[in-house]
Amino acid sequence: MLFTEAGQLATSYKAEQKLFRLRQDYVAFGILLFLAFVALPYWGSDYWFNAILIPFLVLSLAGLGLNLLTGYAGQLSLGSAAFMAVGAFATYNLELRIPDLPLLFSILGGGLFAAASSVIFGLPSARIKGFYLIVSTLAAQFFIQWLFTKFSWFSNGSTSGVITAPPLVMAGYDFSTPVGRYLLTLSIVASLFLIARNLVRSELGRHWMAVRDRDTAAAVMGIPILKTKLLAFGMSGFILGIAGALWAFTYLGTVEPHGFDLTRSFQILFIIIIGGMGSLLGNFLGAAFIVLLPILLSQLIGLLPANHWVDIGQLENAQKIIFGGLIIFFLIKEPDGLARLWQRCRERARIWPLRY
């Protein structure tokens, strides 16, 4: 059967380190790329691109950035939105002040500035950890938001701190259309996820997980604890910075510092909790839940006769209640989130129909 994995054994370390070890994974990945790059741009509508697909991809990338830091390296953070803001404003200033700089290099430069900021606020991890480390990253959240609001230089003289997306032109192609913005976002997100998949399976990824599980034992084994933690902060900040640039330029088109507030940081944290910490797939599942649930609730409310049963004004409160309830449920019953549920389904499929 298609899901049968019998006989596909890794007989060498090189085979074990392949990007996808199973034939089914290669086939599924190829089909997914075809649907994402070919089918959706052909069949999708502007509403799908603007309201669903682009925010889903960007939030998945932001979840990846936090997941590398919290899920794999075990360093708690509530400053994700702050580093997204650094990436967005740095990209904007690079495009503004270096006119000949290609857009892709501006986005990567924004990621590097965000990485540097993340490393600076990650320095206290040398002495503190756990919930005490949250205070340091929470300070980054408030300080960076205040910085971009207080000094109008970052927004090119705008007193409100609002920045507008530059022309999305790359290699002579205009990506300003909904399909173009979607393809640009998808290409960057797919590339970074492939890099992250190789990274977590590398020596550095094993160091992150060793520090996460027991940092004292990792130090005894000779793993440089501070260097490992700072690399996690740097890589996390780099990905979050790129996610912030995409959020500002390919999704919203214009953004202000308050668009990257503490609520956004909690939203990204909810993504990895619901999707599954320490799982790359969980970032997609959590982001899909965050993006699609409000739309689903809106559609369900619209199906009710004259909306007599549910007050439209309470829809947002209902969403918050559902989010909170699901987070509590996953923390108690399934701390590994939706990714673990998917893994269990695959495990059952492997032995079907021998056992249910």
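If you're wondering where the values come from, they're calculated on a predicted model, not measured in any experiment.

**Digging into the overall build of the chain**
Then, number 1: Per the secondary structure count, the chain includes 14 helices and four strands.
Then, number 2: Total accessible area on the chain stands at roughly 18,600 Å², and carbon and sulfur atoms take up 68% of it.

**A look at the environment of S117**
Then, number 1: Positionally, S117 belongs in helix α5 (residues 103–122).
Then, number 2: Residue S117 is classed as buried on the basis of its relative accessible area, which comes to 18%.
Then, number 3: In the structure, S117 is positioned 31 residues away from V86 in sequence and 7.9 Å away in space, judged by C-alpha atoms.

**Examining the environment of T254**
Then, number 1: Its location among the elements puts T254 in strand β4 (residues 254–255).
Then, number 2: Sequence separation between T254 and V162 is 92 residues; the distance between their C-alpha atoms is 6.8 Å.
Then, number 3: Other than its neighbours up to four places away in sequence, T254 contacts V162, I163, T164 and A248.
Then, number 4: Side-chain polar atoms of T254 contact the backbone oxygen of I163, separated by 2.8 Å.

**Considering the packing of helix α7 (residues 178–200) against helix α10 (residues 225–252)**
Then, number 1: At a minimum axis distance of 11 Å, the contact between α7 and α10 shows a crossing angle of 170°. One way to sum up the angle between α7 and α10 is to call them roughly antiparallel. Contact with α7, carried on its side by R181, L184, T185, I188, V189, L192 and L199, involves M235, F238, I242, L246, F249, T250 and Y251 of α10 and no other residues of that element.
Then, number 2: Counted by class, the contact of α7 with α10 contains 11 nonpolar, two polar and one charged residues.

**A look at a nonpolar patch on the surface**
Then, number 1: Among the surface-exposed residues, V27, I31, L33, F34, L35, F37 and V38 lie close enough to one another that they form a single nonpolar patch of about 590 Å² accessible area.
Then, number 2: Its place among the elements puts L35 in helix α2 (residues 23–43).

**Observations concerning the layout of surface pockets**
Then, number 1: By volume, the second largest pocket is sized at about 600 Å³.
Then, number 2: Lining the second largest pocket are 20 residues, with Q267, I290, P294, Q319 and F323 positioned closest to its centre.
Then, number 3: Put simply, the parts of the chain that give the lining of the second largest pocket at least two residues each are α3 (46–72), α10, α11 (262–275), α12 (280–303) and α13 (315–332).
Then, number 4: Counting residues per element, the lining of the second largest pocket draws most heavily on α11, which supplies five residues.
Then, number 5: For the lining of the second largest pocket, a count of residues per class yields 12 nonpolar, four polar and four charged.

What counts, and at which threshold
- Residue numbers restart at each chain and count upward from 1, following the sequence in its written direction.
- Only residues with pLDDT of at least 70 are given local features in this predicted model, and only at 80 or more are side-chain atom pairs given and counted; all residues enter the totals for whole chains, interfaces and linings.
- Water and hydrogen atoms play no part in the side-chain values, which are based on all heavy atoms of the structure.
- Secondary structure elements are defined from DSSP: runs of H or I of at least 4 residues count as helices, runs of E of at least 2 residues count as strands, and each element is numbered from the N terminus.
- Only the protein chains shown count as covering a residue, and every accessible area follows the Shrake-Rupley method with a 1.4 Å probe.
- Here the term buried applies to any residue with accessible area under 20% of the maximum for its type, exposed to any over 50%, and partly exposed to those in between, with areas from a 1.4 Å probe on protein chains only.
- By definition in these notes, contact holds between two residues if any of their heavy atoms fall within 4.5 Å.
- The term polar contact refers here to a pair of N or O atoms within 3.5 Å; inside protein, the definition further demands a hydrogen-donor-capable atom paired with an acceptor-capable atom, and it admits residues adjacent in sequence only when both atoms are side-chain atoms.
- Lines are fitted to the C-alpha atoms to define the axes, a helix being fitted only along its stretch in contact, and any angle between axes, read from their N-to-C directions, falls within 0 to 180 degrees.
- Under this scheme an angle from 65 to 115 degrees is roughly perpendicular, one under 35 degrees roughly parallel, and one over 145 degrees roughly antiparallel; angles in between are oblique.
- Side-chain classes are defined by residue name, with Ala, Val, Leu, Ile, Met, Phe, Trp, Tyr, Cys and Pro counting as nonpolar, Asp, Glu, Lys and Arg as charged, and the others, Gly among them, as polar.
- Candidates for patches are residues over 30% relative accessible area with no salt bridge; among them, like charges are joined within 9 Å and nonpolar side chains (Val, Leu, Ile, Met, Phe, Trp, Tyr) within 5 Å.
- Salt bridge, as used here, is a side-chain nitrogen of Lys or Arg placed within 4 Å of a carboxyl oxygen of Asp or Glu.
- Cavity means a closed set of points on a 1 Å grid over the protein atoms alone, one where a 1.4 Å probe fits but cannot get out, pocket means an open set with protein on both sides within 12 Å along at least 5 of 7 lines, and lining means a residue has an atom within 4 Å of a point.
- Grid points are joined across faces, edges and corners, and a volume is the space filled by probe spheres set on the points.

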